[in-house]
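The chain contents come next:
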Amino acid sequence: SRLHLINRFGSADPGQLVVRAVAVSDTIVRHTWARIWISMPMFFVIAGAIVGPTGLGWASFDLGSTAVETLTELTLALLLFADAATLDFNQVRDDAKMPGRLLFLAFPLVVMMGTLIGYLLFPDVKIGFMLLVGAILAPTDAALGLPIFNNPRVPVRIRRTLNVESGLNDGLATPLVTLFIALTLEEMGGGEQGHWLISAVGEIAIAVGVGVALGLWGGWLFVHAVQKKWTSNVARQIGNPALALLVFFVTKELGGNGFVAVFVGGILFGYISRHVLHDAIEYTEITGTFLSLFVWTIFGMVIVIPLLINFTLLAFLYAILSLTVVRMIPVAVSMIGTCLRRDTTLIMGWLGPRGLASVVFLVMAYEAAHEAHVAIDLLVATVGWTIFLSVILHGASALPLANWYGRRLENAGTDIPEMIEVAEPKTLRRKAFHIRNSEGR
């Protein structure tokens, strides 16, 4: 079934040619787009909407197709593995308080507040459904707020905190999404009654087991190959995404959750190979980033225009609340006692863009519901509106907000908590390099 993806995206089908032409067009004029605050995700979503079946009709995809499902899964799997493998816990140990507050206090509060607001807006919807919406929209995506992450005027401590949060909250959300998909299907009569929790926990347990085993084995094997000089730098670069996909597909074949597995496997691989394989994961991240461009284009093709045609006011309202109070209040609560400035808390609260992980989780839920013959149109509307508005609003506001915030801090002195000197992690430096190149800077 995976060969279908290669055949589909490697064919001369007109739709594939259009998608590739969109990618080429963006690379040619990327520097111009960056000047007028058009981010890469924004460009590809809008382009997808224009050329899609409800636009010019030049290309067509179906949200429930095997090709779309596989593409989105592979993209997130590679990026999860790369994020987990490149995070050096020793480098953030000296200032783990703020990332820890966002991950372990703000994150669950975001899920709960998203669930509560959804339950108030849609009182006829059961709790499992709104828990699923809250979990899908809880993880953030640094790609939608790049000007914050690579702006030297923004303190390293703030950039690093948001970077660590973005790299890890996808992995934290994955088991929750797995649990709540199972609960939602049971509520709607599409799952095995009374067995949703056992089924979901079983998937997660298999994933953790495979991730630990293959992550440790892969790390040992790569380190051993380097020490024995059996391999080359190019081979290691290619071998990394191969290992990530091995973890993902083995877990899927065994009935586990592949995303949990690659996240766990990436952490252990990074820990084992930390002294000898500093740059080997780079190709994995680049490949995942490249595939994400196609995911954004397909999102624009199959979701954006239908959202506008079949406008749902409550879904739109939920999206607005999700991007504001659902994120900002938990972040403000989690930062109590840190003595951060109000504008810092505001920036950190606003910079909670919903991106690629939410798209993939939406496709996962849609596929599971389709197989169970359950309709989840409200889920597509609420999640779709939130992601679409996030792409537009966060993409357009990140650069001016970064400049505004930087100017305010210039006169604030160096004795404020934001200016505490911390080392800039390698993950952040590498991402900033890719960001500058992708934006034409």
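Within any chain, residue numbers begin from 1 and follow the written order of that chain's sequence. Only residues with pLDDT of at least 70 are given local features in this predicted model, and only at 80 or more are side-chain atom pairs given and counted; all residues enter the totals for whole chains, interfaces and linings. Only heavy atoms go into the side-chain values, all of them from the structure, while hydrogens and water stay out.

> Please clarify how the overall build of the protein should be interpreted in this entry.
Only DSSP runs of H or I covering at least 4 residues are called helices, and only runs of E covering at least 2 are called strands; the numbering of each starts at the N terminus. Helices and strands together make up the secondary structure of the protein, namely 19 helices and zero strands. Residue contacts are counted whenever heavy atoms from the two residues lie within 4.5 Å of one another. Taking contacts inside the protein between residues at least 6 apart in sequence as the whole, the part at least 24 apart equals 84%. Note on areas: Shrake-Rupley with a 1.4 Å probe; residue coverage comes only from the protein chains shown. Put simply, the protein shows about 18,300 Å² of open surface, and 66% of that area lies on carbon and sulfur atoms.

> I tried to follow the packing of aromatic side chains on my own but got confused; where do I start?
Each aromatic ring pair is described using two quantities: the centre-to-centre distance and the angle formed by the ring planes. In summary, the pairing rule links any two rings of Phe, Tyr or Trp, Trp by its six-membered ring, whose centres are within 6.5 Å, and it sorts them by plane angle into stacked for under 30 degrees, edge-to-face for over 60 and tilted for everything else. Counted under the stated rule, the structure contains 11 aromatic pairs. Centre to centre, the rings of F248 and F249 are 5.3 Å apart; their planes meet at 75°, and the pair counts as edge-to-face. Overall, F249 belongs to the partly exposed group, its relative accessible area being 22%. Between F316 and W385, the aromatic rings sit 5.1 Å apart at their centres with planes inclined by 90°, giving edge-to-face as the arrangement. With a gap of 69 residues between them, F316 in helix α14 (residues 313-323) and W385 in helix α18 (residues 377-410) connect regions that are remote in the sequence. Judged by its relative accessible area of 26%, F316 falls in the partly exposed class. Partly exposed residues are those whose accessible area sits between 20% and 50% of the maximum for their type, while under 20% is buried and over 50% is exposed, using a 1.4 Å probe and protein chains only. Under the relative-accessibility criterion, W385 is labelled buried at 4%.

> Just checking my understanding: could you explain the pattern of salt bridges for this structure?
Opposite charge on two side chains allows them to pair when their charged atoms are near. When a carboxyl oxygen of Asp or Glu lies within 4 Å of a side-chain nitrogen of Lys or Arg, that pair is called a salt bridge. Under the defined criterion, the tally for this structure stands at five salt bridges. The partner of K252 in a salt bridge is E73, and the shortest N-O contact between them spans 3.2 Å. Placement of the pair is K252 in helix α11 (residues 233-253) and E73 in helix α4 (residues 66-86), with a sequence separation of 179 residues. For E73, a relative accessible area of 5% corresponds to the buried category. Taking the shortest distance from any N to any O, the salt bridge between R327 and E165 comes out at 2.6 Å.

> What should I look at first to understand the environment of V304 in this one?
With respect to the secondary-structure elements, V304 resides in helix α13 (residues 282-309). C-alpha of V304 to C-alpha of I387: the two residues are 83 residues apart in sequence and 9.7 Å apart in space. Excluding residues within four positions of it along the chain, V304 makes contact with V45, A49, F299 and F388.

> Help me out: how do you make sense of a nonpolar patch on the surface in this one?
Two joining distances apply to patches: 9 Å for like charges and 5 Å for nonpolar side chains (Val, Leu, Ile, Met, Phe, Trp, Tyr), and every residue must have over 30% relative accessible area and no salt bridge. Taken together, the side chains of V208, V212, L216, W217, W220, L221, L246, Y271 and I272 make up a nonpolar region of the molecular surface, amounting to roughly 780 Å² of accessible area. Of all the secondary-structure elements, those providing two or more residues to the nonpolar patch are α10 (196-227) and α12 (258-272). No other element matches α10, which puts six residues into the nonpolar patch. By the secondary structure assignment, L246 is in helix α11.

> Can you walk me through α18 in this structure?
In an α-helix, one turn spans 3.6 residues; hence positions three or four apart end up facing the same way. The span expected for a helix works out to 1.5 Å for each residue beyond the first. The end-to-end C-alpha distance of α18, which contains 34 residues, comes to 48 Å, matching closely the 50 Å that a straight helix rising 1.5 Å per residue would cover. Bend at a residue means the angle formed by two fitted axes: the first through the 7 residues ending at that position, the second through the 7 residues beginning there. Helix geometry: α18 is bent most strongly at A398, by close to 40°, with proline P400 lying one to four residues after it.

> Please clarify how the nonpolar core should be interpreted in this entry.
Nonpolar side chains tend toward joint burial in soluble globular proteins. Throughout this description, the term nonpolar core refers to a set of buried Ala, Val, Leu, Ile, Met, Phe, Trp, Tyr and Cys residues connected via side-chain atoms within 4.5 Å. Of all hydrophobic cores here, the largest spans 110 residues; its most connected members are I136, W296, F299 and L379. The biggest single contributor to this core is α13, with 13 residues. Beyond its immediate chain neighbours, meaning those up to four positions away, W296 contacts P41, F44, V45, D141, L144, R354, G355, L356, V359, I387 and V391. Grouped together as the second largest cluster of nonpolar side chains are 20 residues, V154, I158, V331 and I416 included.

> What is the right way to read the side chain of S397 from this model?
Along the chain, S397 turns up in helix α18. Using a relative accessible area of 17% as the deciding quantity, one classes S397 as buried. Identification of polar contacts relies on pairs of N or O atoms within 3.5 Å, with a donor-acceptor requirement for protein atoms, meaning one able to donate a hydrogen and the other able to accept it, and with residues adjacent in sequence counted only if both atoms are side-chain atoms. Within the structure, the side chain of S397 is placed 3.0 Å from the side chain of W350, a separation counted as a polar contact.

> Looking at this model, I keep getting lost on the environment of P147. Mind explaining?
With respect to the element layout, P147 can be found in helix α8 (residues 146-149). P147 sits 256 residues away from N403 along the chain, and the two C-alpha atoms are 8.8 Å apart. Every residue in contact with P147, bar those within four places of it in the chain, is listed here: A398, L399 and A402.

> Would you explain the packing of helix α9 (residues 156-187) against α12 in this entry?
For any two helices packed against each other, the geometry is given by the interaxial angle and the distance between the axes. The axes used here are C-alpha line fits, helices contributing only the stretch in contact, and every angle between their N-to-C directions lies in the interval 0 to 180 degrees. For the pair α9 and α12, interaxial distance at closest approach is 9 Å and the crossing angle is 140°. Here α12 runs oblique to α9, going by the angle between their axes. For the crossing formed where α9 meets α12, the hand is left-handed. Only F259, V260 and F263 of α12 make contact with α9, whose side of the interface consists of G167, L168, G171, T174 and P175. Class assignment of the residues belonging to the contact of α9 with α12 gives a composition of five nonpolar, three polar and no charged. Should an angle fall under 35 degrees it is taken as roughly parallel, and over 145 as roughly antiparallel, whereas 65 to 115 is taken as roughly perpendicular and any remaining angle as oblique. For any helix crossing, the convention is left-handed if the near helix is rotated counterclockwise from the far helix by under a right angle, and right-handed if that rotation is clockwise. Put simply, Ala, Val, Leu, Ile, Met, Phe, Trp, Tyr, Cys and Pro go in the nonpolar bin, Asp, Glu, Lys and Arg in the charged bin, and everything else, Gly too, in the polar bin.

> Quick question: what am I supposed to make of unusual backbone geometry here?
With the exception of glycine, the majority of residues adopt a negative phi angle, and the majority of peptide bonds are in the trans configuration. Despite not being glycine, K229 shows a phi value in the positive range, around 60°. Considering the arrangement of structural elements, one finds K229 in the loop between α10 and α11. Taking relative accessible area as the criterion, K229 reaches 74% and is therefore assigned exposed. The phi dihedral of C339 is positive, around 65°, even though this residue is not glycine. Within the secondary structure, C339 sits in the loop between α15 (325-334) and α16 (342-350).

In short, shape yes, function no, at least from these values alone.
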